[in-house]
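Architecture at a glance
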Amino acid sequence: MLKSDLPADVARAASIIRQGGLVALPTETVYGLAGNALDTSVVQRIYAAKGRPSDNPLIVHVRSFDDIGQVAQDVPDVARALAEGWWPGPLTVVLPKNPAIPGEVTGGGPTVAVRSPDHPAFQQVLDAAGVPLAAPSANTAGKPSPTTARHVWEDLRGKIDAVLDGGPCRVGVESTVVSLVTDPPRLLRPGGVSLEELWDVLGYVEVDPAVSGDMTSGEAPGSPGMKYRHYAPAAPVTAVTGTPVNALRYLLDRVENNPDVAVVCFDEDLGFLGPLREESDDLVVIPYGSQEDPDALSHGLFEALRTADGSGADYILVRCPESNDGLYRAVRNRILKAAAFQEAVL
Ligand code: TXA
Ligand code: MG
């Protein structure tokens with residue numbers, strides 16, 4: 001385990017990557033498992049370490065918009081406008097791929113996803129490595145993304161060369177992914193940059209049906225990753241959405257009938273659920289933030305899901321915000337994906 005505030009450790013991380021190794025690096029969203037995006041064998045090792053299907057492409061990370069030509073080609077003006085607004089930051093754009101990027105990075109497809117991460121240590125490693133870095137979230141495929149170095153270690157110890165510890169990730173959910181190869185542009189994954197913010201620059205943006213779980217249209221999802229049950233603990237999860245009174249009535253009922261349940265709840269629910277926890281040893285209650293504070297919810301969600309999973313509960317109930325505004329859209333999406341879109345709407 002290396003430390004991101006020690007320059008010698010950051011230099012060591014870059015040196016491992018230059019030699020073809022894999023290092024988990026902190027970003028503002030989640031930890032990424034980084035390696036040289038131009039080296040096919042490195043990219044294959046990234047898939048192997050995560051246990052990820054090879055048709056699910058990786059995001060390539062660059063220092064700034066100036067380096068985008070190393071990764072993509074035929075870059076439209078709107079990509080520059082988006083980068084001026086949010087790079088470095090939690091926004092990934094999908095563009096036609098530069099032939100220098102191996103097909104292994106893009107799942108064999110003609111497009112590439114690229115972003116510039118907003119974390120000083122990641123930027124320093126990019127600088128020292130001198131190549132674009134492929135970096136999917138540094139979790140085992142199917143687990144919630146890692147928001148601390150400890151989460152990375154739990155999943156990937158022994159399978160990667162090092163972890164650079166930069167503390168907990170600020171945003172806590174993965175970047176927004178928007179495709180610029182479709183007309184109109186298409187939101188493939190909601191994240192730290194909201195749909196409303198994208199509208200300001202792009203005008204109309206279609207939302208991929210996979211974002212809300214609506215796969216009935218028969219369309220293939222725009223982002224291959226959307227078809228996998230992601231971000232998910234091992235125990236079955238139900239999202240619980242609705243007015244506080246109705247949602248709490250539902251929770252209390254489920255908890256009474258089945259004590260081996262973990263409840264991931266809003267801070268505001270503790271007044272009701274806290275006393276119950278004292279009565280029942282089997283009930284696990286994990287607050288993940290105030291329902292009024294989407295930043296807190298996105299920051300705390302994945303850690304809470306991991307804690308719920310580690311508790312040994314038979315199933316997990318997660319209080320889900322009703323709103324789709326701003327960052328709430330990303331929080332709702334990650335909860336619904338963890339729940340395989342099983343939602344109790346009350
Ligand atoms: O915040 C993030 O984006 C983090 C940090 C480490 O940067 N990375 C991340 O990578 O979440 P990953 O691999 O876990 O998720 C990448 C998502 C997947 O859903 C994948 O299918 C999609 O982006 N994606 C990658 N390349 C694509 C492409 N060419 N077209 C459409 N979707 C793509
Ligand atoms: Mg991931």
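Residues numbered from 1 in each chain as written. Chains lettered and ligands numbered in written order. Predicted model: local features only at pLDDT ≥ 70, side-chain atom pairs only at ≥ 80, totals over all residues. Heavy atoms only, no water.

This part covers the domain arrangement of the protein chain. It is common to give the size of an interface as the accessible area lost on bringing the parts into contact. Each assigned domain of the protein chain is listed with its residue range as follows: domain 1 (2–211) and domain 2 (237–345). When each unit is reduced to the centre of its C-alpha atoms, the spacing between domain 1 and domain 2 is 29 Å. At the interface, 30 residues of domain 1 touch 16 residues of domain 2. Here domain 1 meets domain 2 over a buried area of about 1700 Å², counting both sides, of which 51% is carbon and sulfur. When the buried surface of domain 1 facing domain 2 is broken down by residue, Pro 144, Val 173 and Pro 190 rank first, second and third, together holding 28% of it. Where domain 1 touches domain 2, the interface holds 14 residue pairs in polar contact (both at pLDDT 80 or more). Contributing elements (two or more residues each) for the side of domain 1 that touches domain 2: helix H5 (149–156), strand E10 (186–189) and helix H6 (195–202). If you tally residues by element for the side of domain 1 that touches domain 2, the top one is H5, at four residues. (Domains from an automatic or database assignment. Contact = heavy atoms within 4.5 Å. Buried area = accessible area lost by both parts, 1.4 Å probe. Polar contact = N/O pair within 3.5 Å; in protein donor to acceptor, adjacent residues only side chain to side chain. Helix = DSSP H or I, 4+ residues; strand = E, 2+ residues; numbered from the N terminus.)

To continue, consider the environment of Leu 273. Tracing the backbone through its elements, the reader meets Leu 273 in helix H8 (residues 270–279). What makes Leu 273 buried here is its relative accessible area of 0%. Considered as a pair, Leu 273 and Pro 287 are 14 residues apart in the sequence and their alpha carbons are 10.0 Å apart. Among all residues touching Leu 273, those that are not within four sequence positions of it are Leu 251, Leu 252, Val 263, Cys 265 and Val 285. (Buried < 20%, exposed > 50% of the residue type's maximum accessible area, 1.4 Å probe, protein only.)

Below, the discussion takes up a negative patch on the surface. Taken together, the side chains of Asp 267, Glu 268, Glu 292, Asp 293 and Asp 295 make up a negatively charged region of the molecular surface. Structurally, Glu 292 can be placed in the loop between strand E14 (284–287) and helix H9 (294–310). (Patch = residues over 30% accessible without salt bridge, like charges linked within 9 Å, V, L, I, M, F, W, Y side chains within 5 Å. Areas by Shrake-Rupley, 256 points an atom, 1.4 Å probe, with all protein chains shown as cover. Salt bridge = Lys/Arg side-chain N within 4 Å of Asp/Glu carboxyl O. Lys, Arg positive; Asp, Glu negative; His and termini not counted. Charge placed at Lys NZ, Arg CZ, Asp CG, Glu CD.)

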